[in-house]
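Fold and contact review
One-letter residues, chain by chain:
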Amino acid sequence: MRKRSLAAVTALALGAGGSLLVATPAMAADAGHVDIRVELDLVYGDGSPYGSGPAVFEVTNAAITDGPELTSANIIANPSGWCGSLQVDVDPAAKTITVSPDQTCNFSDVKLWVSSPEFGSVILVSDELLWPDGEDEGEDEGEGEDEGEGEVPVLARGGSGGAVLSTARIVPMAAPGSLAVLDWAFTAPQLTASWRVDQTGAGDGINTEDLGGAAVFSYGPATPTPPAKVSTAAAGTIEGAWIGAAGLAVLGAIAAAGVLTLRRRQAE
């Protein structure tokens, strides 16, 4: 298994306009395997860290099998002592990438990198990963709160460089009341995604949300590159054309010689 860290070959940052800036690394995992990195953190609105850095979970060149390829057991750093973790399951039968809580806790920033030569294309199916604090998936809403009141849907961004999807392609499946923005992109063979909770009105504190539901992406298989080969049909055609031309030339010469011989005999 490789010893290098994914952090050494990839970078992800949110620009002022909310676009996802991605430095795509060289493909690392082997066929049938996957590289996954997750970062969970608390960050102020100006981008400065609340603690000493994110909790980081990572696997490299992990075999794609039944069950999640990354879990809480794959923690490699946690300088701030954050609780909570995610699991990432790549399902080769359903062709899905599912991100869900392994241990729930609340965060302001979640980042994900998933890279495999198995990925030829990726689309967002649904996103309910982050829920307002204390409102995990399936938990009843507070008394007296009207359904849908104050809801701010997650914005789904996708494609290259974080280009905003057209309205027809936005997947409106965000957790009710979520203030998180999902920004994602796919450049083969890597999916990158970043969830960030809006810090408007946080003051000196931080707005956070719980790891309460799941985000699901669907991937299409990579199209294998056929081996380079010489078309024998084309070669045969070309060769046939030259052979045909040469044959006609020989026949023409024979015919011309016969005509000259006939004329000489007539002259005699």
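Quantities reported herein were computed from a predicted structural model and do not represent experimental measurements.

1. Digging into the overall build of the protein
Secondary structure assignment for the protein yields 1 helix and 16 strands. Buried positions account for 36% of the 268 residues belonging to the protein. Long-range pairs, those at least 24 residues apart, make up 72% of the contacts in the protein between residues at least 6 apart in sequence. Working note: accessible area of the protein is about 14200 Å², and carbon and sulfur atoms make up 57% of it.

2. Some remarks on the pairing of strand 13 (residues 180-187)
Where burial is concerned, most of strand 13 is hidden: 6 out of the 8 residues are buried. Across 8 bridges, the pairing between strand 13 and strand 14 (residues 190-197) is antiparallel. When the bridges of strand 14 are listed, phenylalanine 186 appears paired with leucine 191. What sits between the antiparallel neighbours strand 13 and strand 14 is a turn of 2 residues.

3. What about the confidence of the model for the protein?
Atom-level detail of predicted coordinates should not be read off regions where pLDDT is low. Residue-level pLDDT values for the protein average 75, and 59% of them are 70 or greater. Counting contacts from residues 7-27, a segment whose pLDDT is below 50, to residues more than four positions away or on other chains yields 48 contacts. Predicted confidence is poor over residues 136-172, with pLDDT under 50, and the contacts of this stretch with residues over four places away or in other chains come to 62 contacts.

4. A closer look at the pattern of salt bridges
Inspection of the entire model under this criterion finds 3 salt bridges. Across the pair glutamate 39 and arginine 37 runs a salt bridge, and its minimum N-O distance is 3.0 Å. Arginine 37 carries the same exposure label as glutamate 39, and that label is buried. With a shortest N-O distance of 2.5 Å, arginine 196 and aspartate 109 are connected by a salt bridge. With arginine 196 in strand 14 and aspartate 109 in strand 9 (residues 109-115), the pair connects residues that are 87 residues apart, well separated along the chain. Judged by its relative accessible area of 17%, arginine 196 is buried. The structure contains a network of salt bridges with shared partners spanning Arg37, Glu39 and Glu58.

Conventions adopted
Residues numbered from 1 in each chain as written. Predicted model: local features only at pLDDT ≥ 70, side-chain atom pairs only at ≥ 80, totals over all residues. Heavy atoms only, no water. Helix = DSSP H or I, 4+ residues; strand = E, 2+ residues; numbered from the N terminus. Buried < 20%, exposed > 50% of the residue type's maximum accessible area, 1.4 Å probe, protein only. Contact = heavy atoms within 4.5 Å. Areas by Shrake-Rupley, 256 points an atom, 1.4 Å probe, with all protein chains shown as cover. Pairing = 2+ DSSP bridges. pLDDT = per-residue confidence, 0-100. Salt bridge = Lys/Arg side-chain N within 4 Å of Asp/Glu carboxyl O.

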